[in-house]
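Below, each chain spelled out in residue letters.
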Amino acid sequence: MAEKIVIIANSITVGELADTLNLPVTTLVGELFKNGIAATINQRIDFETAQIIVDELGLDVEIQMKQVSDAVSTRKTHELSKDAVSRPPIVAVMGHVDHGKTSLLDAILDIKSVDGEAGGITQHISAYQTERADRKITLLDTPGHEAFAALRQHGALLTDVVIIVVAADDGVKPQTVEAIRFARSANAKIIVAINKIDKETANSQLVKTQLATEHEMNPEEWGGDTVMVEVSAKTGQGVDKLLDMVLLVADMEELRADIDVPAEGLVIESHMEHGRGSVVGLLLAHGELTTGQFLVAGTAYGKIRTLLDFRNKPLKKAGPSTPVTVTGFKELPQFGDEFGIATSEKQARQMVEKMRAEREHDAASTNVTGADMLKMISQKHESQEFKVIVKADVQGSLTSVIDSLKLVDTEGEVTLRIIGTGVGNISENDIRLAADEKTVIYGFNVDLPPAVKRLTARDKVQVRIFKVIYELLDDARQSMSDLLAPEVVETEVGKLTIKGVFRTQKDAIIAGGEVTEGKAISGVIARIKRKGEQIAEVEVVSVQREQQEAKEVFEGDLCGLNLKTNKKILVEEGDKLEFFTRELVKRIIS
Ligand code: GDP
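Read on for a plain summary of the structure. In this convention, every chain numbers its residues from 1, walking through the sequence in written order. Only residues with pLDDT of at least 70 are given local features in this predicted model, and only at 80 or more are side-chain atom pairs given and counted; all residues enter the totals for whole chains, interfaces and linings. Water and hydrogen atoms play no part in the side-chain values, which are based on all heavy atoms of the structure.

Description of unusual backbone geometry
In this structure, glutamate 216 takes a positive phi of about 50° despite not being glycine. Positionally, glutamate 216 belongs in the loop between α7 (204–215) and β11 (227–230). By relative accessible area, glutamate 216 is classed as exposed at 69%. Of note in this structure, glutamine 547 is not a glycine but carries a positive phi near 60°. Relative to the elements of secondary structure, glutamine 547 occurs in the loop between β29 (533–545) and β30 (548–550). Labels follow the DSSP assignment, with helices taken as runs of H or I lasting at least four residues and strands as runs of E lasting at least two, numbered in each case from the N terminus. Between buried and exposed lies partly exposed: a residue is buried under 20% and exposed over 50% of the maximum accessible area for its type, with that area taken using a 1.4 Å probe on protein chains only.

Pasting the structure below:
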């Protein structure tokens, strides 16, 4: 528990935050500046940034976000009454692309998830329910992880369990890591589904080893506490067991919710449909929904006209953890909005007005976001420590080695930290102290006894022995250079204006345009800009000139483009493309 709890709105000025924290404004401004953000006393920072700053300053303060409206709060931490009843677990299925999320859901639901990925709308979550042992399980699926990230940004998240799907023939991949990170930050329980075990090339052991060694997720059979289930979405093997494990985990969590309270929850999908008007997907946190109730979500409100379950069957009533679809909203609420109930149309309108005013205020004044901040900090924090242990033959040489090492300067980007020193041969103790692969033990004019050498191999500790001090320093300089983040160098090669878009797919765009500057080249990156604003960054897979594949197309010529994207992007005529190359250049400490 932090010593102090501070409650702030979803954005706050630097001056107000300093006041609240009882700190000089200069301290906050200085900390922001250190992280690459030049902010003034009146500048607003968002909630996440405030949280990061407090962490960075090492203050024992917990920051909580003030509820915008008391009637609209869906925190997981909602206080339960003694009448709370058990509710179905809400399970998100995540994992690397092609590892079988959709197939696994199909296998679980025994249906084809018709509206799943076809639309390619990444900011929505599809929700389903299945039954196992007469108990319900709510499942959430999203084509990308963006939707979950967006929900988290709203500070609202109802997920209890995350099933991380890892293909046994492919192992842990970047989006697997993303999913693990997400699940942990959302405080959800993790169950790993090792999928595709029907394949000859499947290697479940490798997946387990990767998870255990790289992500501290040890399977139960190795004495750990991460539930891992081998499954095949194709044959159905292990799927029942997976669901049993979900229920088991849910039981341990004692998931409960109140029914006899005004309904609250989250908007997980919303779109307009011809003839039906607004169609909105909701996930209930607690309370019950019925037709005729007034709903408020963000700046939208309406009276529930129809209430449907995930299979579009009419419902009389829906309770906690249930995904439903409602019609009747006058405007579309936004994905991630929290919804609540109003007692009358008048109250609903008032709540919406209040929310609208707050949002306008925020939009006008927030100019530092947590995302900017995290980026800066991760750049700053990445591998900036070079840990060493120094051993030397006599005290005099030990002192001069240490003093010289301290002079190896990287302008603060990589710091050299001496975690141990001593006179004499490298010892078992030194190896134990090093204990990780990144620490280097420098020996100056000393020996590495054979018994200790064996330990270095076992513990993968690096020992480097020198007889000449300059060589030792060169080695340290080189090692620190290796830890420097490479510099990103972008070189512009040309510009193009879109004249027509021929096809837009989930991950590809076929379009054409005129090269207005420089040239268009295959294999480069392109920024897509609309009215001066960047809307996406894409890969240029190939370029064509007069319907022929070309290496490059020059200024003044028409050019066909095949672009690769990581989500569906709607490019329009008139959009500008800027082509450039991006290289990582290694930096060296001189
Ligand atoms: P997603 O991108 O994670 O949703 O992955 P999909 O469900 O679309 O699956 C990607 C590919 O892997 C498809 O061709 C599936 O047929 C295949 N696949 C998924 N699960 C299994 C499985 O258990 N066994 C085998 N052999 N193939 C699978």
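That shown, we press on.
Describing the pairing of strand β7 (residues 126–132)
Most of β7 is tucked away: five of the seven residues are buried. Following DSSP output, two strands are said to pair if at least two bridges run between them. Here β7 runs beside strand β8 (residues 135–141); their pairing, made up of seven bridges, is antiparallel. Note on β8: the bridge partner recorded for arginine 132 is arginine 135. Here β7 folds back onto β8 in antiparallel fashion, the turn holding two residues, of which alanine 133 has a positive phi close to 50°.

Overview of the site of the ligand
We call a residue near a molecule or strand as soon as one heavy atom of that residue lies within 4 Å of the molecule or strand. Around the ligand, 16 residues are found, and the nearest of them are Asp98, Lys101, Thr102, Ser103 and Asp198. For the purposes of these results, a polar contact is taken to be a pair of N or O atoms within 3.5 Å, where, inside protein, one atom must be able to donate a hydrogen and its partner to accept one; residues adjacent in sequence count only when each atom of the pair is a side-chain atom. Contact between the ligand and serine 103: an oxygen atom at 2.5 Å from a side-chain N or O atom of the residue. A distance of 3.3 Å is found between an oxygen atom of the ligand and a side-chain nitrogen or oxygen belonging to serine 232. Each accessible area is a Shrake-Rupley result for a 1.4 Å probe, and residues are judged covered by the shown protein chains and nothing else. A total of 580 Å² of accessible area belongs to the ligand in isolation, and the protein chains cover 73% of it. Among the elements that line the shell around the ligand, the one with the most residues is helix α4 (residues 101–109), at three residues.

Notes on helix α2 (residues 25–34)
Residues of α2 that are buried include every one of Leu28, Glu31 and Leu32, and no others. With its buried residues spanning 100° around the axis, α2 presents them on a single face. The outward face of α2, more than 90 degrees from its buried face, is lined by the exposed residues Thr26, Phe33 and Lys34. Comment: arc refers to directions from the helix axis out to C-beta atoms.

As for the nonpolar core
In this structure, Val162, Val192 and Leu211 are the most contacted members of the largest nonpolar core, which totals 31 residues. Elements represented by at least two residues in this core include exactly β6 (90–95), β9 (161–167), α6 (174–185), β10 (189–195), α7, β13 (264–273) and β14 (277–286). With four residues, the top contributor of residues to this core is α6. Just so you know, the domain bounds were taken from an automatic or database domain assignment. Built from parts of two domains, this core gets at least three residues from each of domain 2 (85–257) and domain 3 (264–361). Buried residues of nine kinds, namely Ala, Val, Leu, Ile, Met, Phe, Trp, Tyr and Cys, make up a nonpolar core once their side-chain atoms join them within 4.5 Å. In terms of nonpolar packing, the next biggest core, distinct from the first, is built from 25 residues, Val91, Val93, Leu105 and Val229 among them.

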